[in-house]
Amino acid sequence: MPGLTRHGRIQPMGENASVTQLELFFDLVLVFAFTMVTDLAAAEPTAGNMLRSLLVLAVLWWVWIDYAWLGNVVRADEGVARVAMFVAMGGGFLAAIAIPEAFDDLPGGWYGPLVFAMAYLLVRLVHLAMFWLASAADAQLRGQVLRWALGSITVGTTLLVIAAETRGTVQICLWIAAIGGDYLWTHFAGNNWRLNSPAHFAERHGLIIIVALGESIVAIGIGVAGLPVSWPIVVAAMLGLMVSGLLWWAYFDTDALRVEHALRAATGARQIEIARTCYTFWHFPMIVGIIALSLGLKKVLSYVGDESEHTLTDALTGIPLVTLYGGVALYLVGLIGFGRFGTGRTGWLRPVTAVVLCALTPLAAKLPALAALAVLCAVLTALIGWETLRFAETRDHIRHPAE
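If you're wondering where the values come from, they're calculated on a predicted model, not measured in any experiment.

Caption draft 1: Structural context of the overall build of the protein chain. When helices and strands are counted, the protein chain shows 15 helices and zero strands. Expected size for 403 residues packed as a compact globule is a radius of gyration near 22 Å; at 22 Å, the protein chain falls within 12% of this value. The dimensions of the protein chain, computed from C-alpha atoms along their principal axes, are 70 × 65 × 45 Å. Counting all 403 residues of the protein chain, 54% fall into the buried class.

Caption draft 2: Representation of the pattern of salt bridges. Evaluation of the coordinates by the stated rule reveals 12 salt bridges. For Arg-124, the salt bridge identified is with Asp-66, shortest N-O distance 2.8 Å. Separated by 58 residues along the polypeptide, Arg-124 in helix H4 (residues 112-134) and Asp-66 in helix H2 (residues 47-73) bring together distant segments of the chain. For the pair Arg-124 and Asp-66, one class covers both residues: buried. Notably, a salt bridge pairs Arg-75 with Asp-77, separated by 2.9 Å at the nearest N-O pair. For Asp-77, a relative accessible area of 17% puts it in the buried group. Counted as one network, the salt bridges with shared partners bring together Glu-23, Asp-27 and Arg-204.

Caption draft 3: Spatial organisation of the packing of aromatic side chains. Overall, the coordinates contain 20 aromatic pairs when judged by the stated rule. When the centroid spacing of 5.3 Å and the interplanar angle of 35° are considered together, the rings of Phe-26 and Tyr-67 count as tilted. Placement of the pair is Phe-26 in helix H1 (residues 21-43) and Tyr-67 in helix H2, with a sequence separation of 41 residues. Exposure class is identical for Phe-26 and Tyr-67. Each is buried. Among the aromatic side chains, those forming a connected cluster through ring pairs are Trp-69, Phe-131, Trp-148, Trp-193, Phe-201, Trp-248, Tyr-251, Phe-252, Tyr-279 and Phe-338. Taking the ring centre of Trp-132 as reference, the NZ or CZ of Arg-142 above it sits at 3.7 Å.

Caption draft 4: Inspection of the nonpolar core at higher detail. Counting 130 residues, the largest nonpolar core has Val-56, Phe-116, Trp-175 and Tyr-251 as its most contacted members. A total of 16 residues in this core trace back to one element, the largest contributor, which is H2. Residues in contact with Phe-116, not counting those within four places in the same chain, are Val-56, Val-59, Ala-95, Ala-98, Ile-99, Ala-102, Leu-160 and Trp-175.

Caption draft 5: The layout of surface pockets, seen in detail. Looking at the largest pocket, its volume works out to about 460 Å³. Around the largest pocket, the lining comprises 26 residues; the ones closest to its centre are Asp-255, Arg-345, Arg-350, Glu-387 and Phe-391. Of all the secondary structure elements, the ones that give two or more residues to the lining of the largest pocket are helix H8 (231-252), helix H9 (255-265), helix H12 (318-343), helix H13 (349-364), helix H14 (369-390) and helix H15 (392-399). One number sums up the size of the second largest pocket: a volume of about 290 Å³. Lining of the second largest pocket is provided by 16 residues; of these, Met-50, Leu-54, Val-288, Ala-292 and Thr-323 occupy positions nearest its centre. Counting only elements with at least two residues in the lining of the second largest pocket, the list comes to H1, H2, helix H11 (283-305) and H12. Grouping the constituent residues of the lining of the second largest pocket by class yields 11 nonpolar, five polar and no charged.

Caption draft 6: Focus on the side chain of Thr-361. Position of Thr-361 among the secondary structure elements: in helix H13. Excluding residues that lie within four positions of it along the chain, Thr-361 makes contacts with Leu-321, Val-322 and Tyr-325.

Caption draft 7: Inspection of the environment of Gly-305 at higher detail. Within the secondary structure layout, Gly-305 lies in helix H11. When its relative accessible area of 12% is taken as the criterion, Gly-305 is described as buried. Among all residues touching Gly-305, those that are not within four sequence positions of it are Leu-227 and Ile-233.

Reading the values: rules and limits
Residues numbered from 1 in each chain as written. Predicted model: local features only at pLDDT ≥ 70, side-chain atom pairs only at ≥ 80, totals over all residues. Heavy atoms only, no water. Helix = DSSP H or I, 4+ residues; strand = E, 2+ residues; numbered from the N terminus. Rg over C-alpha atoms; globule rule 2.2 N^0.38 Å. Buried < 20%, exposed > 50% of the residue type's maximum accessible area, 1.4 Å probe, protein only. Salt bridge = Lys/Arg side-chain N within 4 Å of Asp/Glu carboxyl O. Phe/Tyr/Trp six-rings, centres within 6.5 Å; stacked < 30°, edge-to-face > 60°. Lys NZ or Arg CZ within 6 Å of the ring centre and 35° of its normal. Core = buried A, V, L, I, M, F, W, Y, C linked by side-chain atoms within 4.5 Å. Contact = heavy atoms within 4.5 Å. 1 Å grid on protein atoms, 1.4 Å probe; cavity = no way out; pocket = protein on both sides within 12 Å on 5 of 7 lines; lining within 4 Å. Points joined across faces, edges and corners; volume = space filled by probe spheres on them. Nonpolar A, V, L, I, M, F, W, Y, C, P; charged D, E, K, R; others polar.

The structure is reproduced here in structure tokens:
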């Protein structure tokens, strides 16, 4: 019709664009997938199962990262990209459904490990096809995509498919090789990617932190599902919610803003390095830390709420305690690396807090589960409270630069 502008099948992302509604819809698959990973870890709290859960989470992270970069180059909700996003959602959702069978097939139905691997392969191939189309008129980006695909797609996905036909140690080693090879190849494949909108990229990663923190809150509710409300449940739920809120504060109060400003100010290869290192790589330990915390919170709530299995004096021990304290420590390590590479700033308090949490873990094993959670909350409250008061003027300038 006259007067109407027809957009092409690929529409570039604008410089000041924000996250699209379709990308938020895409993230709902990750919400479900994170819950499935937590359930996988909680089903058998052993070192071997924690490793398997970590490997699954690493694969899911790589799926999400692929589309975070793609959505910064082309609009996810326009043209053929919209169709590609829905296809990728289907593959990602199928992989999430197959998480309980990612390593060991359950009786009946399709062969679970292969379903997981093929669903992952589908998501990766759709992503590659879209980047190939997006780089049609950009020789630099096309060359980068080709170099990356030669190693990342062929090594990462092929080894995972092969792993589906193996068992035990061989299977785990193939998973580690697939994920490690993918990560290393991405790191060394070059800096010729495109970052059309730094604001979109930073916002996208902030939202996935919120998605993961949402899983920690869901874990609190699942831990007491079906149990009558009591004062221990109320206290534990509020403490758990406070811990999640303090982790939110640690990221969003100033750190996210500092690194976003650095990302906006950087140009060329340095901008790509910040995007890849701070967001693609350093956000992963934050996500792992939150999911580990979710497992710990789920166990604490079941301890204090289910009187048929535990009493209020029972201590949280073993892997659930390690994930509770260690998850928060790992989250802080991710934040430290995130800020250090992006801005060059390295404070002393957060590293000390991470060390203190690790040192407190064996001591917390002698306390009732509810008390161990209270100690964790107290340590985080002290950290955030000190930073908020000690650096009040600096944080006000960062949060309100134009005022």
